[in-house]
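Notes for the structure review
Below are the chains, spelled out letter by letter.
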Amino acid sequence: MSTTDPRSATPAAPDRADHGFKKVLGRLDAIALGFGAMIGFGWVILTGDWLAEAGTMGAVLALVAGGLIMAVVGLVYGELVAAMPYAGGEHNYLLRGMGARWAFVGSWAITGGYITIVAFEAVAVPRTAQYIFPGLSQIPLWTVAGFEVNLTWALVGSLAAVLITGINIRGVKHASVVQMFVILFLLIVGLMMLFGAFTEGSAATMEPFFTPGAAGFFLVLVTVPFLFVGFDVIPQVSEEMHLPPKKLGGTIIVSVLLAAAWYVMVVLTTSASMSAEDLSGADIAVADAMGSAFDSTIVANLLIAGGLAGILTSWNSLLMGASRLLWALGNSRMVPLWFGRLHPKYGTPANALLFIGAVSFVAPFFGAEMLGWLVDSGSPSIVIAYALVSVVFVILRRREPDMERPFRIGGGGHGGTAIGVLSVVLCLALISLYVPGMPAFLSAPAWTIFGLWWLLGLVFLLRIPTGIRPGPDAEHRLVAEVERRRGGDRS
């Protein structure tokens, strides 16, 4: 459905109240999407490194600090999504507060971060499955960065991409039901970890609690953007939720706190179940620790199955988020309108889903080394987006003090602005960790992926008309200008 802007008598963007999305998600669905997006595979493969680099309590403190940082950013998102519950999240906030080109930069940044993690999950699936099925790799294809890619290994990830993409095309409710069942299994695995640590673990194996210096702390901290990305999926699918706006904002904070608690629990149970010396020689530390606690390879494999569940929940959520962002970019004509079309039957952004699904289908054929490259290349873009959202939060607080804010943070005074400024500072501090000489400086392959994504983005950015000032109707004015230049061709 399209409308006409009465002030300009030119075609305008579709009415925000009638995009065609189906409102089928509730509060529990929202929390499951946010929490599931954050609990991916990182906790399985990174816990051993955290303990080795920072010690048990050093890792815990870094994760708590990271959780608090993300909670501050989450508060900012909570207020904004309650005020503007539209698909595409960041895209809408930046259009209203900073204008079209900044909206593209922020949307392109978070979309790139999402897509790299979706591709990461596609590679992580066969990596995880091979722990359970050692003979998985058959029919050698080629070698990438020293890793031999086998056809059977790659196809496991590619077929998983087909399955998850298909589920999402059929409807967000189908995807949410899958999310609920997988998270339930993941929580059962978590309870087993706690039981094993309390019954068979020992405080003695948790030493060293800290490693000398602060380097280990920061090496854990730089993984925060990767570990906590996903709470912002909730704004992406906000048009598909039948929730009061105030409750919609609160779900973000709940999901962040649950994710932080999960990561802390994993560190403590792993270190309590196996000594640091034994963990240093472990293939996958978390699985080996649980196998040791229960003296059972079956339990170790069950833990890996929990890791696989984490992959699926994160993949499912971030695929939803990335597709809604691409839809929003297409709907605003910042990228081809093909991305901004919904499936006529299911009401999902099917074209955007197909594009991202194709990327994740191909990713496993580049081998397991892609895991590190994808994590590194996507994280800076994610933090850039968070910083821009924090900036626009402050701008809107000053420029539109009377805007309806059902989930208003910081009270009626300047407390909310102070939280927004703090969020900006914290995001800039995280960005500084990626500059040359800092712990998170990217490898050459990661820089290549990062650079290619932004080079493509520059092509689209330069095509966006200048002079589209921020405001509630910025998208309408942008679409009208794009279509005026194209002579009204909407195809």
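Residues numbered from 1 in each chain as written. Predicted model: local features only at pLDDT ≥ 70, side-chain atom pairs only at ≥ 80, totals over all residues. Heavy atoms only, no water.

**As for the overall build of the protein chain**
Applied cut-off: Runs of E in the DSSP output that reach at least two residues are strands. Runs of H or I that reach at least four are helices, and both are numbered from the N terminus. With the radius of gyration taken over C-alpha atoms, the globule rule is written as 2.2 Å times the number of residues to the power 0.38. Only protein chains enter the accessibility calculation, which uses a 1.4 Å probe; a residue is then buried when its area is under 20% of its type maximum, exposed when over 50%, and partly exposed in between. Any two residues whose heavy atoms approach within 4.5 Å are treated as being in contact. For the area figures, the Shrake-Rupley method with a 1.4 Å probe applies, and any residue is considered shielded solely by the protein chains shown.
From N to C terminus, the protein chain includes 19 helices and four strands. Over its C-alpha trace the protein chain gives a radius of gyration of 22 Å, about what one expects of a compact globule, namely 23 Å for 491 residues. Within the protein chain, the fraction of its 491 residues that count as buried is 59%. Once local pairs closer than 6 in sequence are excluded, the contacts in the protein chain between residues at least 24 apart make up 81%. Surface accessibility of the protein chain: about 18,700 Å² in total, with carbon and sulfur atoms responsible for 68%.

**As for the nonpolar core**
Here is the rule: What we call a nonpolar core is a set of buried Ala, Val, Leu, Ile, Met, Phe, Trp, Tyr and Cys residues that are connected through their side-chain atoms within 4.5 Å.
In this structure, Trp43, Met70, Phe228, Tyr263, Trp315 and Tyr386 are the most contacted members of the largest nonpolar core, which totals 162 residues. With 19 residues, the top contributor of residues to this core is helix α5 (residues 100-132).

**A short note on the packing of helix α7 (residues 172-200) against helix α11 (residues 245-273)**
Basically, it comes down to this: Axis definition: a line fit to C-alpha positions, over the contact stretch in the case of helices; interaxial angles, taken between N-to-C directions, run 0 to 180 degrees. Oblique is the label for any angle not covered by the other classes, which are roughly parallel (under 35 degrees), roughly antiparallel (over 145) and roughly perpendicular (65 to 115). Definitions for this section: a left-handed crossing has its near helix turned counterclockwise from the far helix by less than a right angle. A right-handed crossing has that turn clockwise.
The N-to-C vectors of α7 and α11 enclose an angle of 40°; their axes lie 9 Å apart at closest approach. By the criterion of interaxial angle, the relationship of α7 to α11 is oblique. Crossing hand, α7 versus α11: left-handed. Residues Leu186, Leu187, Gly190, Met193, Leu194 and Ala197 of α7 lie in contact with α11, whose contacting residues are Trp262, Met265, Val266, Thr269, Thr270, Ala272 and Ser273.

**Details of the environment of Pro208**
Structurally, Pro208 is set in the loop between α7 and α8 (215-221). By relative accessible area, Pro208 is classed as partly exposed at 42%. The spatial distance from the C-alpha of Pro208 to the C-alpha of Ala54 is 8.7 Å, given a sequence separation of 154 residues. Here Pro208 is in contact with Gly55, Thr56 and Ala276, once residues within four sequence places are set aside.

**Quick word on the pattern of salt bridges**
Heads up, the rule is: Put simply, a salt bridge is a Lys or Arg side-chain nitrogen that is within 4 Å of an Asp or Glu carboxyl oxygen.
One pass over the structure, following the stated rule, counts seven salt bridges. Salt-bridge contacts for Glu481 lead to Arg484; the nearest nitrogen and oxygen are separated by 2.7 Å. Here the residue Glu481 and the residue Arg484 both occupy positions in helix α19 (residues 474-485), the gap between them amounting to three residues, near one helical turn. Residue Glu481 is joined to Arg485 by a salt bridge in which the shortest nitrogen-to-oxygen separation is 3.0 Å.

**Section: the pairing of strand β3 (residues 140-144)**
The following threshold applies: One requirement defines pairing of two strands: DSSP has to find at least two bridges between them.
Judged from the four bridges that link them, β3 and strand β4 (residues 147-150) form a sheet pairing that is antiparallel. The residue of β4 that forms the bridge with Val144 is Phe147. As consecutive antiparallel partners, β3 and β4 are separated by two residues, and within that stretch Ala145 has a phi angle of approximately 55°, a positive value.

**What about helix α2 (residues 42-54)?**
Test applied: By definition, a residue's bend is the angle between the axes fitted to the seven residues ending there and the seven starting there.
The sharpest bend along α2 reaches about 30° and sits at Gly48. What α2 keeps buried is the set Gly42, Trp43, Val44, Leu46, Thr47, Gly48, Trp50, Leu51 and Ala54. One or two residues past the end of α2 sits Gly55, with phi positive at roughly 80°.

**Concerning the side chain of Asp232**
Stated formally: Positive charge is attributed to Lys and Arg, negative charge to Asp and Glu, and no charge count is given to His or to the chain ends.
Tracing the backbone shows Asp232 in the loop between α9 (224-228) and α10 (233-236). Buried charge without a salt bridge: Asp232, with Arg324 as the nearest opposite-charge side chain at an N-O distance of 13 Å. Apart from the residues within four sequence positions on either side, Asp232 is in contact with Tyr77, Glu90, Ile110, Tyr114 and Tyr386.

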